[in-house]
Amino acid sequence: MLNYLIKRLLWMIPMLIGISLISFFIMHLAPGDITASESAFNPKASEESRQKLRALYNLDKPLMTQYSLWLKRIVKLDFGNSFASHQRPVLWETKDEKGNITKGMIQDALPITLMINLIGLLIIFVLSIFLGVVSAVNQNKWPDRLITIIVFVGFAVPGFWLALLLMYWTGVTHSWLPISGLHSAGYENMDLISQYLDLFKHLILPVFVSSLGGLASISLYVRNGMLDVLQQEFITTARAKGLTENKVIYGHALRNTLLPLITILGLSIPGLIGGSVIGESIFAISGMGKLFFDAVLMRDFPVVMGILTIGSVLTLFGNLIADIGYAWADPRIRRGISN
């Protein structure tokens, strides 16, 4: 097992270099750069000033030179500063000579995205397991058909359309829920309980919209897995021993059905950090998704590459964690890895 882990960790290094190289070149294939964005807002900007900006950001150098300079900084975990006018650090906070602290852009956005996606992931797994089990146990009966309809609706409804519809219905028409941001005006002056309630109200719509698609897919996955397991011989043996139906369903069938979900859980790690570009942009939430979207529009290469690099690392580690978890849960796979 140790040799397997070492090989996988070493193999991640060329994988990360390849992913970063492809991402870097794709970003530079897009038309325009940060100098074009800044010049568009300043009609008096001359070509000479644009060339000075390009030299300042090293954009006048060959692509391989730019990539090598970027790679040297990344090895030191230095993601650089944003190309935007505020020049904020991309990753972590920095302190200048006067002692002033400037927080990193990812440092600001990450906790927001992590909170939303962790809540959504918890809701997805709890409800999808419940719906999947109920649907499988009542195969071809009305609960199964009702859940199947709900699942297909969840698959079919576009997330952005549902978000706009709910914003209009719950926020504009009825004024039940806030439709943007995470805090109301005067949030700092509220007491602790009021702050939590205000945050809860702001989270309802984003969490619901982000959870719907995952809930539909995983509940269907659990249902199909349960149907396969319920046809296995050990389930027949368990019933023949006189075990109660609840013991058979939840003690034997569900336990074996949940093993493949370890893989899905591991692959969900990048999504926890990456955020939802559409959801966060629609609800005006300053998370990782919105940060990435804004950076792409501005051609802010350090921010885009920083988020892509973090996403790549998490994807590779998510795959590794899924493999390790699956091997831990299933002795047959563990023996295969050891061999």
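Residues numbered from 1 in each chain as written. Predicted model: local features only at pLDDT ≥ 70, side-chain atom pairs only at ≥ 80, totals over all residues. Heavy atoms only, no water.

A. Geometry of empty space enclosed by the protein. Under the definition given, this model contains 1 cavity of 30 Å³ or more. If you add up the space inside the largest cavity, you get close to 40 Å³. Around the largest cavity sit Leu 131, Gly 132, Ser 135, Ile 147, Thr 148, Val 151, Ser 219, Leu 220 and Arg 223, which together line it. The set of elements that each furnish at least two residues to the lining of the largest cavity consists of helix H5 (105-137), helix H6 (142-156) and helix H8 (192-230). Looking at side-chain class alone, the lining of the largest cavity contains 4 nonpolar, 4 polar and 1 charged residues. (1 Å grid on protein atoms, 1.4 Å probe; cavity = no way out; pocket = protein on both sides within 12 Å on 5 of 7 lines; lining within 4 Å. Points joined across faces, edges and corners; volume = space filled by probe spheres on them. Helix = DSSP H or I, 4+ residues; strand = E, 2+ residues; numbered from the N terminus. Nonpolar A, V, L, I, M, F, W, Y, C, P; charged D, E, K, R; others polar.)

B. Structural detail: the side chain of Thr 170. Residue placement: Thr 170 occurs in helix H7 (residues 159-173). Relative accessible area serves as the criterion here: at 6%, Thr 170 is assigned to the buried category. Setting aside anything within four residues of it in sequence, one finds Thr 170 in contact with Ser 175, Trp 176, Leu 177 and Leu 205. (Buried < 20%, exposed > 50% of the residue type's maximum accessible area, 1.4 Å probe, protein only. Contact = heavy atoms within 4.5 Å.)

C. Structural view of H7. Taking 1.5 Å per residue, 15 residues should reach 21 Å; H7 reaches 20 Å between its end C-alpha atoms and fits that length. Within H7 the residues assigned to the buried category are Leu 162, Ala 163, Leu 166, Met 167, Thr 170 and Gly 171. Structurally, H7 contributes buried residues whose contacts are with H8 and helix H13 (277-282). Two residues or fewer after H7 comes Ser 175, characterised by a positive phi angle close to 55 degrees. (Expected span 1.5 Å × (residues − 1).)

D. A look at the pattern of salt bridges. Under the definition given, this model contains 2 salt bridges. Notably, a salt bridge pairs Asp 144 with Arg 223, separated by 2.9 Å at the nearest N-O pair. Here Asp 144, found in helix H6, pairs with Arg 223, found in helix H8; they are 79 residues apart in sequence, far enough to count as distant. We note that Asp 144, like Arg 223, is buried. Of the charged contacts in the structure, one is a salt bridge between Lys 290 and Asp 294, with a shortest N-O distance of 3.1 Å. (Salt bridge = Lys/Arg side-chain N within 4 Å of Asp/Glu carboxyl O.)

E. Summary view of the packing of H7 against H8. Their axes nearest at 10 Å, the elements H7 and H8 cross at an angle of 150 degrees. By the angle between their axes, H7 is roughly antiparallel relative to H8. The element H7 and its partner H8 pack so that their crossing is right-handed. Residues Gly 159, Leu 162, Ala 163, Leu 166, Met 167 and Thr 170 of H7 touch H8, and the partners they reach there are Leu 205, Phe 208, Val 209 and Leu 212. Of the residues in the contact of H7 with H8, the class split is 8 nonpolar, 2 polar and no charged. (Axes fitted to C-alpha atoms, helices over the stretch in contact; angles between N-to-C directions. Parallel < 35°, antiparallel > 145°, perpendicular 65-115°, else oblique. Left-handed = near helix turned anticlockwise from the far one by under 90°.)

The quantities given are spatial measurements derived from coordinates; they are silent on function.
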